Amino acid sequence: MSDRHIATAPGAAPAGQFPVSPNNPCPFLRALVANGYVGGHVVPLSQLSEMIGLASGETGSAQKEVRRKAWMVAVIANGLGPLRVFKSATSGAVLDELRNGPLDKHGGGSRILDADAKVHGDQIDRLASFGKDCKDPAGGIEIGLTAKEIEAFMADNIKRDGDAARWYFPILMKGEWPVLLKILGKGEGEARYLSVAEVRTLFVERRLPERITARLPKPAAGR
Ligand code: HEM
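Owing to the predicted nature of the structure, the values given are computational and were not obtained by experimental measurement.

Reading the values: the criteria
Residues numbered from 1 in each chain as written. Predicted model: local features only at pLDDT ≥ 70, side-chain atom pairs only at ≥ 80, totals over all residues. Heavy atoms only, no water. Helix = DSSP H or I, 4+ residues; strand = E, 2+ residues; numbered from the N terminus. Rg over C-alpha atoms; globule rule 2.2 N^0.38 Å. Buried < 20%, exposed > 50% of the residue type's maximum accessible area, 1.4 Å probe, protein only. Contact = heavy atoms within 4.5 Å. Near = heavy atom within 4 Å. Polar contact = N/O pair within 3.5 Å; in protein donor to acceptor, adjacent residues only side chain to side chain. 1 Å grid on protein atoms, 1.4 Å probe; cavity = no way out; pocket = protein on both sides within 12 Å on 5 of 7 lines; lining within 4 Å. Sits in = over half its atoms within 2 Å of the grid points. Core = buried A, V, L, I, M, F, W, Y, C linked by side-chain atoms within 4.5 Å. Donors = N, O, S within 2.8 Å, 3.2 Å for Na, K, Ca; no water.

**Q** Describe the overall build of the chain, with residues and values.
**A** Helices and strands together make up the secondary structure of the chain, namely ten helices and five strands. For 223 residues, the compact-globule estimate of 2.2 N^0.38 gives 17 Å, and the chain sits close to it at 17 Å. Projecting the C-alpha coordinates of the chain onto the three principal axes gives extents of approximately 45 × 40 × 35 Å. Split into buried and exposed, the 223 residues of the chain put 42% on the buried side. Sequence separation of at least 24 residues holds for 63% of the intrachain contacts in the chain that already meet a minimum separation of 6.

Spelled out as C-alpha cells, the structure:
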C-alpha cells in the first residue's frame, strides 16, 4: 500500500478555520474545534456534551442520553486518576491533550490520522475497501459502510494491531465509528451507511456536512 499523505502541516489551518493541535486525535472533535464550535484547549463538559447532543439530531430524552454518554467518555479522556477526573468534571476536558490519554489506542484504530495528525490517504482507501455501493436517499450511488461493514473494519483494525491491542479496545471503538454512523449516516435501518466521501472530508478538511452543522449554534468566526 502506498503511503500517501494528504494533509496540511499539523496545526496549519485552512482559511476560515482555527488550528487544531495534533494532540487531538478525534476526527469529530477536530472538526468542532477547527470550525469554532468549541475551543481547542479546556472545554467544559456541559458544552462539549451539548454540541454532541445537538449534532446527533436527537431530541428530548434521546438527546439527553447522547449527552450523558458523551459526558461519561469526556470525563475520563484526560486520565483515570481521581484528581484528573474531578478536574475534568469541574473545569472541562483538555482537547489538545487527548493523545496518550486513556482513549488513545496508539494505532489500534483506523490509522487514518497518525500521531502528528497527518492524514493517510491509503488508510482512507483501506476503509473504503470494506464498503460497498450504497443508495443515497438524496439521489445517486456512493461507496459507504453500513453497521455490518463497520464491524468488519473495526475487527480488522484489532487484528492488524496484533499483540498491541488491549482487551478494552473493542469497547472504546463502540464510541467512535458506530457513533459516527449514527450521527453522519444516511438512510435508515440496516441500509444506513457512512459515506466514505464524507469521512474523507471530515478527516482531510475537518468539515462536517451542512445537514449536521445546521443543527449546531452559530460558531465563533474563524481566521
Ligand atoms: C466525548 C467526547 C469525545 C472524546 C473525548 C473523543 C476522543 C477520541 C480519541 C482520544 C480518539 C483517538 C482514538 C485512537 O486513535 O485510538 C478518538 C477517535 C475517534 N473518535 Fe472521538 N471522541 C469523542 C467524541 C466522538 C464523537 C461524538 C464521535 C462521532 C461522531 C467520535 C468519533 C471518533 C472516530 C470515528 C474516531 C477515529 C477512530 C479511528 O481512527 O479508528 N468521537 N476520539
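**Q** Which residues make up the site of the ligand, and what values go with them?
**A** What surrounds the ligand is a group of 20 residues, the closest being C26, K105, S110, E176 and W177. Note that an oxygen atom of the ligand is positioned 2.6 Å from one of the backbone N or O atoms of S110. Contact distances for the ligand include 2.9 Å between an oxygen atom and a side-chain N or O atom of W177. Because more than half of its atoms lie within 2 Å of the grid, the ligand is assigned to the largest pocket. At the level of elements, α1 (27–34), α3 (60–75) and α8 (177–184) are the ones that each hand at least two residues to the shell around the ligand.

**Q** Before we move on, can you summarise the nonpolar core with the specific residues and values?
**A** F28, L32, L48, L95 and W177 are the most contacted members of the largest nonpolar core, which has 47 residues in total. For L48, the contacting residues outside a window of four places in its chain are L29, V38, V43, A74, A93 and L95.

**Q** Account for the coordination of the iron atom of the ligand, with residues named and values stated.
**A** Just one protein ligand coordinates the iron atom of the ligand, and it is C26 (SG) at 2.3 Å. As for its position among the elements, C26 is in the segment before α1.

**Q** Can you tell me about the side chain of E198, naming the residues and giving the values?
**A** By the element assignment, E198 lies in helix α9 (residues 196–205). For E198, a relative accessible area of 13% puts it in the buried group. Apart from the residues lying within four places of it in its own chain, the contact partners of E198 are L184, K186, P209 and R211.

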